[in-house]
Amino acid sequence: MLWMPPEHHQHLQAAQIAGALCGSYTAVAVTPDWLKDRFHTLPGGLKAGVQLQVGVAVEVLLGMVLNLVVLYASDAKHNKIVAYWSPVIATILLIVTGSHFTGPSMNPAVAFSWYHHYQGHSWMQQILVYWLAPFAGAVLGGLLYRVLLQQEEAAVRPPRQLPAGLKAAVAAAGAKEA
């Protein structure tokens, strides 16, 4: 993957938020009144009885697991079926699992857009649960994958061999010293 400057990611994030807001405003504007009362469940928010710390921990864990699965599936040595379906199945399972704690949102921009319409939780909850916790989970997932991958590569990798020309030069240098 090519490296992209941070500004590019910031523009992508701003575009995603703008798109989510436009989509939510459009949905509210064109949806019949009898269906609008069902939208209040979309912003998520902590479910009744779930403390803020538990919600943050759940979102960190969900983000970490999802990123581990995606990184594992993106590894070139896996079967194409595993590479395609494992992130899809993991996403569905994580959404179902997380919906019992923090709602069904796995996208901070979408959670933010519906939060504008139906503010069922505080601004601090919105930032901690839907923005910082998934980011922390992604970072932890990436670090854990790197640690696991490095251990796996070290166990599989044969000892390094010097190239033939360099091996001869080292042998000649050793013979000169003796």
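In case you missed it, the structure is sitting above this.
Since the model is a prediction, treat every value here as computed from it, not as a measurement. Counting from 1, residues in each chain are numbered in the order their sequence is written. Residue-level local features of this predicted model are given only where pLDDT is at least 70; pairs of side-chain atoms are given and counted only at 80 or more, and the full residue set underlies all totals for whole chains, interfaces and linings. By convention in this description, side-chain values take in all heavy atoms of the structure and omit both hydrogens and water.

Helix and strand counts for the chain come out as 7 helices and 0 strands. Going from N to C terminus, the chain has its helices and strands arranged as α-α-α-α-α-α-α. Type-normalised accessible area, obtained with a 1.4 Å probe on protein chains alone, sets the label of each residue: buried when under 20%, exposed when over 50%, and partly exposed for intermediate values. The 178 residues of the chain split such that 25% are buried. Two residues qualify as a contact provided that any one of their heavy atoms is within 4.5 Å of a heavy atom in the partner residue. Taking the intrachain contacts of the chain between residues at least 6 apart in sequence as the baseline, contacts between residues at least 24 apart amount to 73%. What sets the accessible areas is the Shrake-Rupley method with a 1.4 Å probe; for residues, cover comes only from the shown protein chains. Carbon and sulfur atoms make up 69% of the accessible area of the chain, which amounts to about 12,100 Å² in all. Secondary structure follows DSSP: runs of H or I at least 4 residues long count as helices, runs of E at least 2 residues long count as strands, and numbering of each begins at the N terminus.

As a further point, take helix α3 (residues 52–74). Because each turn of an α-helix spans 3.6 residues, side chains separated by three or four positions end up pointing in the same direction. The span one expects for a helix is its residue count, reduced by one, times 1.5 Å. If you check α3, its first and last C-alpha atoms are 33 Å apart, about what 23 residues at 1.5 Å a residue would give, namely 33 Å. Regarding α3, the residues found buried are G55, V58, E59, V60, L62, G63, M64, L66, L68 and A73.

Two rings from Phe, Tyr or Trp (for Trp, the six-membered ring) form a pair when their centres sit within 6.5 Å of each other. Planes less than 30 degrees apart are called stacked, planes more than 60 degrees apart edge-to-face, and all others tilted. Under the criterion given, the structure shown has 1 aromatic pair. Residues Y84 and W85 carry aromatic rings whose centres are separated by 5.0 Å and whose planes lie at 85° to one another, so their mutual orientation is edge-to-face.

What follows concerns the environment of L61. Among the secondary structure elements, L61 is positioned in helix α3. Taking the C-alpha atoms as reference points, L61 and G141, 80 residues apart in sequence, are found 8.8 Å from one another.

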